[in-house]
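Structural description and commentary
Letter by letter, the chains look like this.
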There are 2 protein chains.
Amino acid sequence: MVKATPDQPRLSKKAYDARSGDVRAALVQMQVQLKNAPFPVLVVVAGVDAAGKGDVVNVLNAWLDPRGVETFAFQEPTDEERERPAMWRFWRCLPPHGRLAIYAGGWHTEALREDPRSPRDLAEFDLALRRIARFEDQLTSDGALVIKIWLHLGKDDQRARLHELEDDERTAWRVTAEDWKSHRDYDRLARLSDTMRRATQRPGAPWHVIEAGDPRARNLAVAERVLVRFRAHHRTHKVRPVATKPRRTAPLRAAGLRRLLALPLDQTVPSRGYEEKRDKWLGKLNRTVRAASQARRSIVWVFEGWDAAGKGGAIRRLTDAIDARDSRVIPISRPTDEEKAHHYLWRFWRHVPRAGMVTIYDRSWYGRVLVERLEGFARDVEWRRAFAEMNEFERELVEHGVIVIKFWLHISKDEQLRRFRNREDTEYKRHKINAEDWRNRRKWAAYETAVGDMLALTHTRFAPWHLIPANTKRHARLEILKASCTAIETALAAKK
Amino acid sequence: MVKATPDQPRLSKKAYDARSGDVRAALVQMQVQLKNAPFPVLVVVAGVDAAGKGDVVNVLNAWLDPRGVETFAFQEPTDEERERPAMWRFWRCLPPHGRLAIYAGGWHTEALREDPRSPRDLAEFDLALRRIARFEDQLTSDGALVIKIWLHLGKDDQRARLHELEDDERTAWRVTAEDWKSHRDYDRLARLSDTMRRATQRPGAPWHVIEAGDPRARNLAVAERVLVRFRAHHRTHKVRPVATKPRRTAPLRAAGLRRLLALPLDQTVPSRGYEEKRDKWLGKLNRTVRAASQARRSIVWVFEGWDAAGKGGAIRRLTDAIDARDSRVIPISRPTDEEKAHHYLWRFWRHVPRAGMVTIYDRSWYGRVLVERLEGFARDVEWRRAFAEMNEFERELVEHGVIVIKFWLHISKDEQLRRFRNREDTEYKRHKINAEDWRNRRKWAAYETAVGDMLALTHTRFAPWHLIPANTKRHARLEILKASCTAIETALAAKK
């Protein structure tokens, strides 16, 4: 519980004006420094009802240069938001590097709004809090500065403040029946907020509880807290540490590599009867995907695999069976500069499908632990923690009811060579091969290790990897169709 | 009216397979070329019910490499869409340069869906068609390739097709009561579609009417039409013409320049009583903006003006009076690469506010006819047509009920010099000035001409310019507050 503060004299207007000039100059100075910093700043202003969240947000906006700030208040989710995992609406409101966002109420107030009472509600609440903690962990470990302010007001102070607002005709409209209800329920709500703050108290994103009884002192305390946190953070995060290429690639968990190497690759599929079989499965997939769509379940397919393993062709077979109006293929290559200025998962969150829709990622977030690991685009700590982060991302999709199907298309090194040569020799395939493909090929062993780690560390119950032997294209395609149908059917049968 | 086609034998499966192989190869070849082309391709597939829009969309998707295509079907608008001008939902679905989008039904089917009958409906319909024509004009004049396919089916063919679909258990679910209703209403709907096509028949975006009685012939005809249009377009649009800096800047319409030069600049505002006055207006603005928000009207502020004219400070005064949770300030500087790969208005459409919200643009689309005109970032034809395009953009905002308030902050050349020097001499202001500001200053006369043209050519009844003498900051700020209040009140009184 927050301790009650001893009675203090209120800050005089004169003292306030004197101090706020300095604070204001310091905040603008902060924004100038932030502009070139490789991180964003997130300021959450949450707290007890009538503690002045809105006022604080407005004062911060008045003190800051409005051109570098964005303010978000989360009302009822829109239907586009409701149809996606809970955290999607917050991911879409993240500022890029060099900018500051203020969140009135933050994601925390949203979680509290549900006002859990039954054991089932409480379990939901608990889940929501864990999602929030993970969300903030992901942001802070990526370098974001997260400043969470909790405005505290004792029960008596709250009552006094509500009366004060009601008595002034300019502010009377702000006091609603809802506010008085929450006042009567003060103690229970305080316990709930305590639980929330404890569950989301993270090393990189601690709560700052600020006494809000005296509005002027409160405003200054919030701004000063922001400045202190920024200065400390800027000192250590001014420059993004440079990543270096690994000298050699040692496996983190050899089980995955073993699983990969043990995969038999040279299945043959008789051409007789192949088309019939394929069409049977295409028809089945079509029906299954339609059933998922009718159940408002969305599907995310992830295609990873060696260069020339046949991802493109496999995706075409898949899209053949799906109504194009319900699906999108997202090819992942170099990120745009907007994407580079955000957390690496932001560009994938962007494309999470609405209810009943399909997104097919042609390459995916797993680039973090494959090409980014091996080319040194991500630092050691970054790709190492990515395994857990990607599992968390997928868990949130699945918890929301999204069906996640991941494929690794595996071919032998010899088969890749054959296909590369064939591409070079065929006029209309030549655009599909370039120097980079040959460069990657020379790092086959390192990639093999990285793939092994990926398979070992991100093969989860809720989003398992399907290893597809792909030396024989027909075999691969049938396997992909079968595995997809099974995955969707299982998910539909299990209810979300 | 579309002419009925004479009876022809249907295309055999063998002939179809033979030709579709070539078409498919050509389509993929097209995508390879498109990848590096400086324009996007938009394919609209619209037409009579049961003519096979969905089938055509799926066939195109199957023939194309799905990684370069996105398909959109517009259902009921989401609430985020409904709260913005009608075309916003289509602007957000535009592909960037080098990519292709397929629109099942397009924006045209949306317009037809309303099924206008009363004179009032018909007026709405007419307005919708004009909006569509303008939208397509803007895209095509920016270089986009817009291919509009209309699948035609005679009344008898439609009946036959509906029966055919119903008789096959795999497709029976696709025929709804709605379809039979539209069949009974065939003639009226045909006339309506005719009107629609005639109103949206534009030189750069003509309709291609394709007979859909024979599905195989139809699929090939659509694909071949796409290829023919692409080849012709690619030949002439392979390279984006380079813009050059103007040697001298002559006014297009001298009236604006005269208005600018005639503006008295040296008003004085006594400091006594100023704060009182300002607070009175701030209070009034606060109430007016709240009233607009309650009426679900949104507000767009545009701030343009000389460097150091005080845009930033004026915006701060404004945001002081507005709840930060309802407003966003969008500072416009260099576009991101995603923005560069779209129509220049796309980055402004992105930030159009939801119902009851506020967007303040700190610099705006008018950069097109100011810095882009003078620095040669836009070609002559581009900035010349921009005047009309920007008027159209603002008209769409206003038609939807958005209140658009545009300010030009005007200072004298001497005053600018004083402010530049002051910035250089003041530690905490130094970040606000750089070599570019001095460079722009040397082009004062050219800018003056460009501003004059802007004022003359984009001063509309629905979105007039407010010229603010800004040598005296206090005067400017009061004027901005007053003009804003008046503009909002007038708009609210006039009903949308």
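Thresholds, definitions, all that
Per chain, the residues get numbers from 1 upward, laid out in the order the sequence is written. Here the convention is simple: chains get letters from A, ligands get numbers from 1, in the order in which they are written. Residues qualify for local features only when their pLDDT is at least 70, as the model is predicted, and side-chain atom pairs are given and counted only at 80 or more; totals for whole chains, interfaces and linings, by contrast, use all residues. Numbering of helices and strands starts at the N terminus; helices are DSSP runs of H or I of at least 4 residues and strands are runs of E of at least 2. To sort residues by exposure, count the other C-beta atoms lying within 10 Å of each residue's C-beta; 20 or more gives buried, 12 or fewer gives exposed, and values between give partly exposed, all with C-beta atoms placed from the backbone. By the convention adopted here, residues make contact when the C-beta atoms placed from their backbones lie within 7 Å. Gly is placed with the polar residues, together with every amino acid not listed as nonpolar (Ala, Val, Leu, Ile, Met, Phe, Trp, Tyr, Cys and Pro) or charged (Asp, Glu, Lys and Arg). Here, a nonpolar core means buried Ala, Val, Leu, Ile, Met, Phe, Trp, Tyr and Cys residues linked by C-beta atoms lying within 7 Å of one another. What marks off one domain from the next here is an automatic or database domain assignment. Helix span is expected to be 1.5 Å times the residue number reduced by one. We treat two strands as partners when DSSP finds at least two bridges between them. Angular values range over 0 to 180 degrees, each being the angle between N-to-C directions of two axes fitted as lines to C-alpha atoms, with helices fitted over their stretch in contact. To line up the copies, we fit them by least squares on C-alpha atoms, keeping just the residues with pLDDT of at least 70 in both. Comment on the angle field: the value is read as roughly parallel under 35 degrees, roughly antiparallel over 145, roughly perpendicular from 65 to 115, and oblique elsewhere. Should the near helix be turned anticlockwise from the far one by less than a right angle, the crossing is left-handed, and should it be turned clockwise, the crossing is right-handed. The pLDDT value tells you how sure the predictor is about a given residue, anywhere from 0 up to 100.

On to the overall build of chain A. A tally of helices and strands in chain A yields 21 helices and ten strands. Based on the C-alpha atoms only, the size of chain A along its principal axes is roughly 90 × 45 × 35 Å. Taking all 496 residues of chain A together, the buried fraction comes to 38%. Within chain A, contacts between residues at least 6 apart in sequence are counted, and of these 82% link residues at least 24 apart.

With that settled, the discussion passes to the interface of chain A and chain B. Contacts between the two partners involve 35 residues from chain A and, on the opposite side, 35 residues from chain B. Sorting the residues of the side of chain A that touches chain B by element identifies α1 (13-35), α2 (53-63), β2 (69-73), α3 (79-82), α13 (311-320), β7 (327-331) and α14 (337-340) of chain A as the ones contributing at least two each. Looking at side-chain class alone, the side of chain A that touches chain B contains twelve nonpolar, ten polar and 13 charged residues.

Next up on the list: the nonpolar core. One finds B:Leu42, B:Val43, B:Val45 and B:Ile149 to be the most contacted residues of the largest nonpolar core, which totals 120 residues. With seven residues, the top contributor of residues to this core is helix α21 (residues 473-493) of chain B. If you count residues domain by domain, this core takes at least three from each of domain 1 (13-237) and domain 2 (254-493) of chain B. Residue contacts for B:Val43: discarding those within four places in its chain leaves B:Leu100, B:Ile102, B:Tyr103, B:Ile147, B:Ile149 and B:Val226. The next biggest cluster of nonpolar side chains, apart from the first, holds 119 residues, and it includes A:Val45, A:Val146, A:Phe230 and A:Trp365.

For the rest of this paragraph, the subject is helix α21 (residues 473-493) of chain A. Between its first and last C-alpha atoms α21(A) spans 30 Å; for 21 residues at 1.5 Å apiece the expected length is 30 Å, and the two agree. On the buried face of α21(A), the contacting elements are α12 (274-294), β6 (299-305), α13, β9 (403-410) and β10 (465-469) of chain A.

A word on the sheet that holds strand β3 (residues 100-104) of chain B. All names here are of chain B. Read from one edge to the other, the open sheet built from five strands follows the order β2-β3-β1-β4-β5, with strand pairing classed as parallel. Two strands bound the open sheet, and with one partner strand each, they are β2 (69-73) and β5 (207-211). Pairwise comparison of adjacent strand axes, ignoring direction, gives a mean angle of 20° for this sheet. Across five bridges, the pairing between strand β4 (residues 145-152) and β5 is parallel.

It takes a turn of 180° to lay chain A on chain B, together with a shift of 0.0 Å along the axis; the resulting RMSD is 0.1 Å. In symmetry terms, the pair is related by a two-fold rotation axis. Comparing interface residues between copies, 100% of those in chain A also sit at the interface in chain B, which points to an isologous, same-surface contact.

Residue and element names in this part refer to chain A. The domain boundaries assigned to chain A delineate domain 1 (13-237) and domain 2 (254-493). Facing 17 residues of domain 1, the contacting portion of domain 2 comprises 16 residues. Among the elements of the structure, α4 (88-91) and α6 (119-141) are those that each provide at least two residues to the side of domain 1 that touches domain 2. When residues in the side of domain 1 that touches domain 2 are grouped by element, the largest group, five residues, is from α6. By residue class, the composition of the side of domain 1 that touches domain 2 is eight nonpolar, three polar and six charged.

Looking now at the packing of α1(A) against helix α10 (residues 215-237) of chain A. Residues and elements named next belong to chain A. Running from N to C, α1 and α10 cross one another at 30°; their axes reach a closest spacing of 10 Å. Classified by the angle their axes make, α1 and α10 are roughly parallel. The two elements α1 and α10 cross, and the hand of that crossing is left-handed. Judged by residue contacts, Tyr 16, Arg 19, Ser 20, Val 23, Ala 26, Leu 27, Met 30 and Gln 33 of α1 engage Arg 216, Leu 220, Ala 223, Glu 224, Leu 227, Phe 230 and His 234 from α10. Class assignment of the residues belonging to the contact of α1 with α10 gives a composition of nine nonpolar, three polar and three charged.

Before going further, it helps to examine helix α5 (residues 106-113) of chain A. All names here are of chain A. The element α5 is extensively covered by neighbouring structure, given that six of its eight residues are classed as buried. Buried within α5 are the following residues: Gly 106, Trp 107, His 108, Thr 109, Glu 110 and Ala 111. On its buried side, α5 packs onto β1 (41-47), α4, β3 (100-104), α6, β4 (145-152) and α9 (186-199).

Looking now at the confidence of the model for chain A. Across chain A, the average pLDDT comes to 92, with 98% of residues at 70 or higher. For this predicted complex, the interface score ipTM comes out at 0.84, alongside a pTM of 0.90.

Within a beta sheet, neighbouring strands are joined by backbone hydrogen bonds and run either parallel or antiparallel to one another. Residue and element names in this part refer to chain B. Pairing in this open sheet of five strands is parallel, and the strands run β7-β8-β6-β9-β10 from one edge to the other. Of all strands in the sheet, those bounded by a partner on one side alone are β7 (327-331) and β10 (465-469). Adjacent strand axes in the sheet meet at a mean angle of 20° when their direction is disregarded. The pairing of strand β6 (residues 299-305) with strand β8 (residues 358-362) spans five bridges and is parallel.

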